[in-house]
Amino acid sequence: VQLVESGGGLVQAGDSLRLSCTASGRTLTNYAIAWFRQAPGKERDFVAAIRWSSGTTYYADSVKGRVTISRDKSKNTAYLQMNSLKPEDTAVYYCTLGTPITSSIQNRNGGWHHWGQGTQVTVSS
C-alpha cells in the first residue's frame, strides 16, 4: 500500500488549503482514511477520518467547523479541506489508512496500518 500526500504549503492566517491523499495497492472498501498532524516537539494528533464505504466522518474537536474530510472513490483519493487556518495549525500532516474501531479512531495506534510521508503546512500570522 502506498499513500501519497500533496497540497501542503505556506499560507497566511485565515487562508484555506486542501490536502490530498491518493492510495494505491489496495482496495479501500473495508478501510478508513484519516489525517493526523504533528507539530515540532509534539505528539502526532488526530485531525479527521472518513470510512471509505459509508462516508461517515469523524473530526477532532479542535478543528470542527473549519475542516472537512471527503473522498473520491473514482480517484482513490481523500481530501482534507481546511479553512480559516491559524498559526497553531502549522504541522506536518500525515495521511493514514487502517481499520480502526470507532472508539479508537482518534488514536494513532488504534488500527492505522499504513502512513504517508507527510506534507508540511505552515500558517503565518
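This text goes with the structure placed above it.
Everything numeric in this text was worked out from a predicted model, so none of it was measured.

Enquirer: Mind showing me how you'd approach the pattern of salt bridges here?
Expert: Opposite charge on two side chains lets them pair, provided their charged atoms get close. Scanning the model with the defined rule gives four salt bridges in all. Across the pair E43 and R108 runs a salt bridge whose closest N-O atoms are separated by 2.6 Å. Of this pair, E43 sits in the loop between β4 (32-38) and β5 (44-51) while R108 is found in the loop between β9 (91-98) and β10 (112-115), placing the two residues 65 residues apart along the sequence. What makes R108 partly exposed here is its relative accessible area of 32%. The partner of R66 in a salt bridge is D89, and the shortest N-O contact between them spans 2.8 Å. A residue pair is termed long-range when its members are at least 10 positions apart, and R66 in the loop between β6 (57-59) and β7 (67-72) and D89 in the loop between β8 (77-82) and β9 qualify at 23 residues. When sorted by exposure, R66 lands in the same class as D89, which is buried. Within the structure, one salt-bridge network assembled from shared partners comprises R37, R66 and D89.

Enquirer: How do you make sense of the state of the cysteines when you look at a structure like this?
Expert: Scanning all chains against the criterion turns up one disulfide. Residue C21 pairs covalently with C95 via a disulfide, S to S 1.9 Å. Torsion about the S-S bond of the C21 and C95 cystine: about -70°, corresponding to left-handed handedness. Here the residue C21 occupies a position in strand β3 (residues 17-24), and C95 occupies one in strand β9, the gap between them amounting to 74 residues.

Enquirer: I'm lost on the side chain of R51 in this one. Help?
Expert: Assignment of secondary structure puts R51 in strand β5. The buried charged residue R51 lacks any salt bridge, with D61 as its nearest oppositely charged partner at 16 Å. Engagement of the side chain of R51 in a polar contact is seen with the side chain of Y58, the distance being 3.1 Å. Beyond its immediate sequence surroundings of up to four residues, R51 is in contact with Y31, A32, T56, Y58, R71, P100, I101, T102 and I105.

Enquirer: Whenever I open this one, the pairing of β3 confuses me. Can you help?
Expert: Across a regular strand the side chains alternate sides, sitting on one face of the sheet and then on the other. Here strand β1 (residues 2-6) runs beside β3; their pairing, made up of five bridges, is antiparallel. Of the residues in β3, the one forming a bridge with L3 is A23.

Enquirer: Sorry, what's going on with the nonpolar core here?
Expert: One broad rule of soluble globular proteins: the nonpolar side chains tend to lie buried together. By size, the foremost hydrophobic cluster in this structure holds 37 residues, and its most contacted members are W35, L80, M82 and Y93. Looking at this core, the elements with two or more residues in it are β3, β4, β5, β6, β7, β8, β9 and β11 (119-124). Excluding its chain neighbours within four sequence positions, the residues that come into contact with Y93 are E5, L19, W35, F36, R37, V47, L80, M82, G118, T119 and V121.

Criteria and cut-off values
Residues numbered from 1 in each chain as written. Predicted model: local features only at pLDDT ≥ 70, side-chain atom pairs only at ≥ 80, totals over all residues. Heavy atoms only, no water. Salt bridge = Lys/Arg side-chain N within 4 Å of Asp/Glu carboxyl O. Helix = DSSP H or I, 4+ residues; strand = E, 2+ residues; numbered from the N terminus. Buried < 20%, exposed > 50% of the residue type's maximum accessible area, 1.4 Å probe, protein only. Disulfide = S-S within 2.5 Å. Lys, Arg positive; Asp, Glu negative; His and termini not counted. Polar contact = N/O pair within 3.5 Å; in protein donor to acceptor, adjacent residues only side chain to side chain. Contact = heavy atoms within 4.5 Å. Pairing = 2+ DSSP bridges. Core = buried A, V, L, I, M, F, W, Y, C linked by side-chain atoms within 4.5 Å.

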